[in-house]
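# Per-entry structural report
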Amino acid sequence: MKTVLEVCAAAKRAAPVLARTPTSRKNAALEQMALALDAGHDRVLEANAQDLDNARAQAVAGALLDRLTVTPERLEGISAALRELIALTDPVGQVVRGFTLPNGLQIRQVRVPLGVIAMVYEGRPNVTVDAAGLALKSGNACVLRGSSTAIASNTALAALLREALTTQDLPPDLVSLVPDTSRQSVKELGRARGLVDLLIPRGGAGLIQAVVGDSQVPVVETGVGNCHVYVDDAADLDKAHAIVRNAKVHRPSVCNAAETLLVHAGVADTFLPAIAETLRADGVALVGDAEAQRLAGADPATEEDWDTEYLDLRLAVRVVDSLEQALAHIAEHGTLHTEAIVTEDRAVARRFVSEVDAAAVMVNASTRFTDGGEFGFGAEIGISTQKLHARGPMGLAELTTTKYVVEGDGQVRG
């Protein structure tokens with residue numbers, strides 16, 4: 001079994017080949033990767049069934065089991081996401097800005113690949129393919145370290161992608177899977193300075209903080225989503241009903257699902273009993289403050305509930321007296337991911353957008369739209385909740401850096 005550093009070194013050697021590969025050839029490789037997944041359909045499903053059996057034996061929770069599951073329909077979606085990348089503009093070589101100095105020097109700031117991108121992620125076999133496709137199109141090699149729960153699925157997927165690369169005379173080490181799923185392998189990735197150019201953890205708060213705390217490699221923080229929906233007293237309650245239900249129920253195991261509902265006291269008497277009935281019919285357990293207990297029949301919420309990313313059919317509910325109180329709650333408990341307001345008052349909406357600190361702010365729309373595919377970026381490599389380099393869904397452009405190209409005609413500095 002290759003060590004982590006051996007995997008990273010092989011990716012580092014392969015990366016320059018892709019940096020000089022034209023868009024047409026990268027697109028051909030993406031099509032071959034999609035075809036390989038289609039042809040290897042049974043291999044992937046068989047491997048995933050093995051992972052699911054192991055997960056059930058370890059009593060893995062329902063929401064986490066959903067993240068791990070690969071169905072024929074989901075596998076078709078994974079292949080389709082690769083093909084969607086083909087139609088997207090290649091960011092490599094794009095001129096961010098260009099100008100000519102008085103001395104005649106022509107300066108251009110040009111997008112270039114980062115080099116080697118490492119991903120550490122939990123469950124979600126689709127991330128193996130999404131990350132590989134995005135890295136390839138943006139000119140980067142990728143090193144993938146998935147979780148033990150998905151090791152069979154990830155191994156099957158990575159093998160198919162590597163086989164596809166060889167058909168295009170590209171190094172298979174452009175897509176590499178770390179076979180070691182121990183905590184030590186994560187630490188070693190974080191210390192692979194000089195071999196890994198960017199490390200992206202995608203998973204729960206514990207994983208992300210462990211990577212950030214130990215890493216000597218630049219890290220982009222992604223994923224933790226304690227997302228709120230605030231229903232203002234000027235809300236259209238029919239819209240609010242649909243938005244809250246979608247934000248919580250559509251796919252509760254993902255980071256852009258709502259975890260807390262804030263309702264203005266002016267509409268709480270009408271709105272909360274109705275939405276509570278709907279959510280309970282969907283299997284959602286409610287916890288809340290005294291007013292939410294009275295109006296929605298919620299169980300009492302603890303202080304920990306306001307800070308919890310449930311990733312499950314559970315929702316914390318609080319009644320607030322004002323927009324200011326809603327903003328204060330979000331500032332104290334939010335994770336800078338996605339926050340939503342439902343209101344017909346444009347002034348209130350503008351203030352919410354201005355004051356909420358988050359990667360994405362939704363006005364009269366579900367939090368579930370914070371997604372690279374929904375934004376038109378193709379598959380995303382993660383949702384950045386930090387403030388440097390990239391924020392929000394990370395698509396192709398966010399996986400590049402820039403270099404300055406300066407062209408002259410014999411100029412020297414005096």
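Further up the page is the structure itself.
The rules behind each value
- Residues numbered from 1 in each chain as written.
- Predicted model: local features only at pLDDT ≥ 70, side-chain atom pairs only at ≥ 80, totals over all residues.
- Heavy atoms only, no water.
- Axes fitted to C-alpha atoms, helices over the stretch in contact; angles between N-to-C directions.
- Helix = DSSP H or I, 4+ residues; strand = E, 2+ residues; numbered from the N terminus.
- Parallel < 35°, antiparallel > 145°, perpendicular 65-115°, else oblique.
- Left-handed = near helix turned anticlockwise from the far one by under 90°.
- Contact = heavy atoms within 4.5 Å.
- Nonpolar A, V, L, I, M, F, W, Y, C, P; charged D, E, K, R; others polar.
- Salt bridge = Lys/Arg side-chain N within 4 Å of Asp/Glu carboxyl O.
- Patch = residues over 30% accessible without salt bridge, like charges linked within 9 Å, V, L, I, M, F, W, Y side chains within 5 Å.
- Areas by Shrake-Rupley, 256 points an atom, 1.4 Å probe, with all protein chains shown as cover.
- Pairing = 2+ DSSP bridges.
- 1 Å grid on protein atoms, 1.4 Å probe; cavity = no way out; pocket = protein on both sides within 12 Å on 5 of 7 lines; lining within 4 Å.
- Points joined across faces, edges and corners; volume = space filled by probe spheres on them.

It is worth spelling out the packing of helix 1 (residues 4-19) against helix 8 (residues 183-190) at this point. Remark: helix 1 packs on helix 8, axes separated minimally by 9 Å, with the N-to-C direction vectors making an angle of 40°. Taken together, helix 1 and helix 8 sit at an angle that is classed as oblique. Where helix 1 crosses over helix 8, the handedness of that crossing is right-handed. Only Ser185, Glu188 and Leu189 of helix 8 make contact with helix 1, whose side of the interface consists of Val4, Leu5 and Cys8. Taken together, the residues of the contact of helix 1 with helix 8 break down into four nonpolar, one polar and one charged.

In this section: the pattern of salt bridges. All chains considered together, the criterion is met by 21 salt bridges. A salt bridge links Arg314 to Asp305, with the nearest nitrogen and oxygen atoms 4.0 Å apart. Each of Glu31, Asp38 and Arg83 takes part in a single network of salt bridges with overlapping partners.

Our next topic: a nonpolar patch on the surface. A contiguous nonpolar patch, built from Phe369, Phe375 and Phe377 and spanning about 260 Å² of accessible area, is present on the exposed surface. For Phe377, the position within the fold is in the loop between strand 13 (360-363) and strand 14 (383-384).

Once that is clear, we can look at the sheet that holds strand 1 (residues 95-100). Taking strand neighbours across the sheet as the criterion, the three strands line up as 1-2-16 in an open arrangement whose pairing is antiparallel. Only two strands of the sheet have a single neighbouring strand rather than two, namely strand 1 and strand 16 (400-407). Looking at each pair of strands side by side, their axes are set apart by 20° on average, direction ignored.

Considered as a void within the structure, the largest pocket measures approximately 830 Å³ in volume. Lining the largest pocket are 31 residues, and of these Asn126, Asp130, Arg251, Arg368 and Asp371 lie nearest its centre. Looking at the lining of the largest pocket, the elements with two or more residues in it are helix 5 (72-87) and helix 6 (126-137). Considering every element that reaches the lining of the largest pocket, the biggest residue donor is helix 5, with seven residues.

Our next topic: the sheet that holds strand 6 (residues 198-202). The sheet built from four strands is open, its strands ordered 5-4-3-6 with parallel pairing. Of all strands in the sheet, those bounded by a partner on one side alone are strand 5 (175-177) and strand 6. Strand-to-strand twist of the sheet, defined as the mean angle between neighbouring strand axes without regard to direction, takes the value 20°. As paired elements, strand 3 (residues 116-121) and strand 6 share five bridges and run parallel to each other. Bridged to Ile117 within strand 6 is Leu198. Sitting on the sheet, helix 6 touches strand 3, strand 4 (141-145), strand 5 and strand 6, and the angle it makes with strand 4 is about 165°. This element, helix 8, spans strand 3, strand 4 and strand 6 of the sheet and lies at about 155° to strand 4.

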